[in-house]
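As a plain string of letters, each chain reads:
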Amino acid sequence: MKLLSKLTLFITLSKLAIVVLFVTLLPSLVERIAFQYTNYYLQEQKKKVLKVVARNGVEFYLGGEQSYGSYTMLKEEYIALEPASATKKLDTIGTAKRIVEQDTLTYRILSYTFKYHNQNYLLEIGKTTATINQYNNALQRVALYVLISLVIVTLLIDLSFTRYLLRPLGLIIKSKLHNRKFPFNEHIPPIKTSTKDFKYLDTSLIQLMDQINDAFEKEREFTANASHELMTPISILQNKIENLMLDQGVTDDMQHRLIEMMKTLNRLKKIVHSLLLISRIENEQFAKADVIHPNVLINEVMEELEHRLAEKDLHFKSNISSNVTLINLNHDLLFQLFYNLINNSIRYNKPQGSISVDELYIPNELYIIMVKDTGFGIPDADLDLIFNRFKKSNRSESEGYGLGLSIVKSIAHYHNLTISVESKVNQGTTFSIHFPIDMVKLKG
């Protein structure tokens, strides 16, 4: 999952968690706030009553009676004042039930005792809990709407800011990593960003790519130079050995040794030629402007290898259509690619085995040519190594120079082709060459 997706998911889930938590706690919070406000209201009412008593006296309420009681028409609030024992001292707020005109109602009651002219009085001010709770649902609804609106607004702001903040990282990935092909020949300028971490990452990637390019260029130059320089001494040695072989004074034993030396030199010459070919491919010294008919190309390859099929009594079959044409390729390199693949299929096949070249074409989607054999196969542990230079898998020491599949890989990479391999030990191997669809044309 991308970093932006993870941050978006985290921000969204965190906001949802806040909403769920708030909705869960909202009723108790509203109730607590309502009761606190009611307590404050009762305290304010008490202050007003005490001011009236201080200014007008207790008789203002008692009016000659032993006690005073008054409540609103709907019995939502009441006030009571009566004498109390001298030892009674109260200053509390609690919830209790009261009987008013034969109705039992639950009130939030403030109870307070005070002295007036040496007489202790008890003041009670009550407010029904029903009136306290009647606004709870409305308050909860308003609070929930406000919260959801704030969460949506902050979520949009967070997502926009996160996208803006991570935009340089996306540009770095797109320009420095995504669809980049080695060697990195083109120069890509640094990404403009004020975030130090992104600047450091971008600079580090540029430096790393430059170092890789430098190392690759040095290796490529060394390979080309070394291969080229080796050709001269090899040719000189070949001439000298050939001259010795023509000398009539050379014994049969010496002739045998000279022949072995000539075989070794021929192997070395083939290795040098292969290294030079790889170097030329990597230096892009081949044009890619040929039009190729795959069925004709496979037939050309088999004309070169037909005698090898007979040696091992192998059966070959080509199932390539004549309707497909490939463009923007190099004929000689593609010939070499299939030559190496089919040659390997012959070399590492079982006697009386089979080789087939098939195709898979889905118009406007993909085109694949597959080289299948019934040979010894390749162990799974070696599949990732077979394209490396001088790496051999399940091969005898006397066969192969470890460069055939490396040449195949270089040619495929040079043409932007994809090569994959599937193999099972003692059952066979299949090499698949995937051609970009823009290279594929149908006749007619």
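Here goes a summary of the coordinates provided. Computed from a predicted model, the values in this text were never measured in an experiment. (Residues numbered from 1 in each chain as written. Predicted model: local features only at pLDDT ≥ 70, side-chain atom pairs only at ≥ 80, totals over all residues. Heavy atoms only, no water.)

Notes on the environment of S70
How we decide: Every helix listed is a DSSP run of H or I at least four residues long, and every strand listed is a run of E at least two residues long, numbered separately from the N terminus. Contacts are residue-level and defined by heavy atoms, with any inter-residue pair within 4.5 Å sufficient.
You can see S70 is positioned in strand 1 (residues 68–71). Between the C-alpha atoms of S70 and E303, which are 233 residues apart in sequence, the distance is 120 Å. Other than its neighbours up to four places away in sequence, S70 contacts E77, Y78 and I79.

Focus on the sheet that holds strand 8 (residues 324–329)
Selection rule: DSSP-based pairing: two strands are paired if at least 2 bridges between them are found. Where helices are involved, their axes are fitted lines through C-alpha atoms of the stretch in contact, as for all axes, and angles between N-to-C directions lie from 0 to 180°.
If you trace the three strands from one edge of the open sheet to the other, you get 6-8-13, paired in antiparallel fashion. Where the open sheet ends on each side, the last strands, each with one partner, are strand 6 (290–292) and strand 13 (440–442). Neighbour-to-neighbour, the strand axes of this sheet turn through a mean angle of 30 degrees, independent of strand direction. As paired strands, strand 8 and strand 13 are joined by three bridges and run antiparallel to one another. Looking at the pairing, T325 lines up with K441 of strand 13.

Some words on the pairing of strand 5 (residues 119–128)
Quick note on the threshold: Per-residue accessibility, obtained with a 1.4 Å probe over protein chains only, is compared with the maximum for each type, and a residue is labelled buried under 20%, exposed over 50%, and partly exposed between these values.
Of all 10 residues in strand 5, nine are buried, a share of seventy percent or more. Counting the residues that bridge the hairpin from strand 4 (residues 103–116) to strand 5 gives two residues, and of these H117 lies at a positive phi of roughly 55 degrees.

Points about the side chain of T325
The condition is simple: Here a polar contact means two N or O atoms within 3.5 Å. Within protein one must be a hydrogen donor candidate and the other an acceptor candidate, and residues neighboring in sequence count only if both atoms are side-chain atoms.
Tracing the backbone shows T325 in strand 8. At a separation of 3.4 Å, a polar atom in the side chain of T325 contacts the side chain of H293. Residues within four places of T325 in sequence aside, it is in contact with V291, I292, H293, P294, M439, V440, K441 and K443.

Quick look at the nonpolar core
Basically, it comes down to this: Residue types Ala, Val, Leu, Ile, Met, Phe, Trp, Tyr and Cys, when buried and joined through side-chain atoms within 4.5 Å, form a set referred to as a nonpolar core.
L326, L334, F338 and F435 are the most contacted members of the largest nonpolar core, which totals 51 residues. In terms of residues, this core owes the most to one element, helix 8 (residues 331–347), which gives eight residues. Sequence-distant contacts of F435, that is, excluding residues within four places in its chain, are made with L326, L329, L334, F338, Y367, I369, L417 and V440. One finds V52, L81, Y121 and L123 within the second-largest nonpolar core, a separate group that totals 15 residues.

Remarks on the packing of aromatic side chains
Our working rule: Pairing of aromatic rings covers Phe, Tyr and the six-membered ring of Trp, with a centre-to-centre limit of 6.5 Å; geometry is then stacked below 30 degrees between planes, edge-to-face above 60, and tilted otherwise. By the criterion adopted, a ring carries a charge over it if an Arg CZ or a Lys NZ lies within 6 Å of its centre and within 35 degrees of its normal.
Per the stated rule, a full pass over the model turns up nine aromatic pairs. Arranged with centres 5.4 Å apart and planes meeting at 90 degrees, the rings of F60 and Y61 form a pair that is edge-to-face. For Y61, a relative accessible area of 15% translates into the label buried. Here Y361 and Y367 contribute two aromatic rings whose centre-to-centre distance is 5.7 Å and whose plane-to-plane angle is 80 degrees, an arrangement assigned as edge-to-face. Members of the aromatic cluster, connected to one another through ring pairs, are F60, Y61 and Y68. When the ring centre of Y112 is taken as origin, the NZ or CZ atom of K46, which lies over that ring, is 4.4 Å away.

Details of the packing of helix 6 (residues 252–282) against helix 9 (residues 404–414)
Formally: Reported orientations rely on four angle classes, namely roughly parallel under 35 degrees, roughly antiparallel over 145, roughly perpendicular from 65 to 115, and oblique for the rest. Note on convention: the crossing is left-handed when the near helix lies turned anticlockwise from the far helix by less than a right angle, right-handed when the turn is clockwise. Gly is put with the polar residues, along with every residue not named as nonpolar or charged; the nonpolar set is Ala, Val, Leu, Ile, Met, Phe, Trp, Tyr, Cys and Pro, and the charged set is Asp, Glu, Lys and Arg.
Remark: helix 6 packs on helix 9, axes separated minimally by 10 Å, with the N-to-C direction vectors making an angle of 15 degrees. Taken together, the axes of helix 6 and helix 9 are roughly parallel relative to one another. The handedness of the crossing between helix 6 and helix 9 comes out as left-handed. For the pair helix 6 and helix 9, contact is made by S274, L277, I278, I281 and E282 and by S406, I407, S410, I411 and Y414, respectively. For the contact of helix 6 with helix 9, the per-class residue count stands at six nonpolar, three polar and one charged.

Description of the packing of helix 8 against helix 9
Across the interface, helix 8 lies against helix 9 with an axial gap of 9 Å and an inter-helix angle of 145 degrees. Crossing of helix 8 against helix 9: the hand is left-handed. Listed contacts from helix 9 to L333, L334, Q336, L337, N340, L341 and N344 of helix 8 are G404, L405, I407, V408, I411, A412 and Y414. Residue composition of the contact of helix 8 with helix 9, grouped by class: 10 nonpolar, four polar and no charged.

A short note on the sheet that holds strand 1
Read from one edge to the other, the open sheet built from five strands follows the order 1-2-5-4-3, with strand pairing classed as antiparallel. Across the chains shown, the open sheet's two edge strands, defined by having one partner strand only, are strand 1 and strand 3 (91–100). On average, each strand axis in the sheet is inclined to that of its neighbour by 25 degrees, with strand direction left out of account. Sheet analysis places strand 2 (residues 77–83) next to strand 5, joined by seven bridges and oriented antiparallel. The partner of P83 across the bridge, within strand 5, is Y121. Taken strand by strand, helix 1 (residues 3–56) contacts strand 2, strand 3, strand 4 and strand 5, and its axis lies near 45 degrees from that of strand 4.

Here we look at the pairing of strand 1
By the bridge criterion, four bridges tie strand 1 to strand 2 in an arrangement that is antiparallel. Its bridge partner being in strand 2, Y68 is matched across the sheet by L81. Between strand 1 and the antiparallel strand that follows it, strand 2, lie five residues; K75 among them carries a positive phi value of about 60 degrees.

As for the pattern of salt bridges
In plain terms, the rule: Whenever Lys or Arg places a side-chain nitrogen within 4 Å of a carboxyl oxygen from Asp or Glu, that contact is recorded as a salt bridge.
Considering all chains together, one arrives at seven salt bridges under this definition. For K75, the salt bridge goes to D103, with nearest N and O atoms at 2.5 Å. Here D103 lies in strand 4 and K75 lies in the loop between strand 1 and strand 2, a separation of 28 residues in the sequence. Measuring nitrogen to oxygen at the nearest pair gives 3.7 Å for the salt bridge that ties D358 to K372. Highlighted residues: D358 in strand 9 (residues 354–362) and K372 in strand 10 (residues 366–373), separated in sequence by 14 residues. Overall, the relative accessible area of 32% leaves K372 in the partly exposed class.

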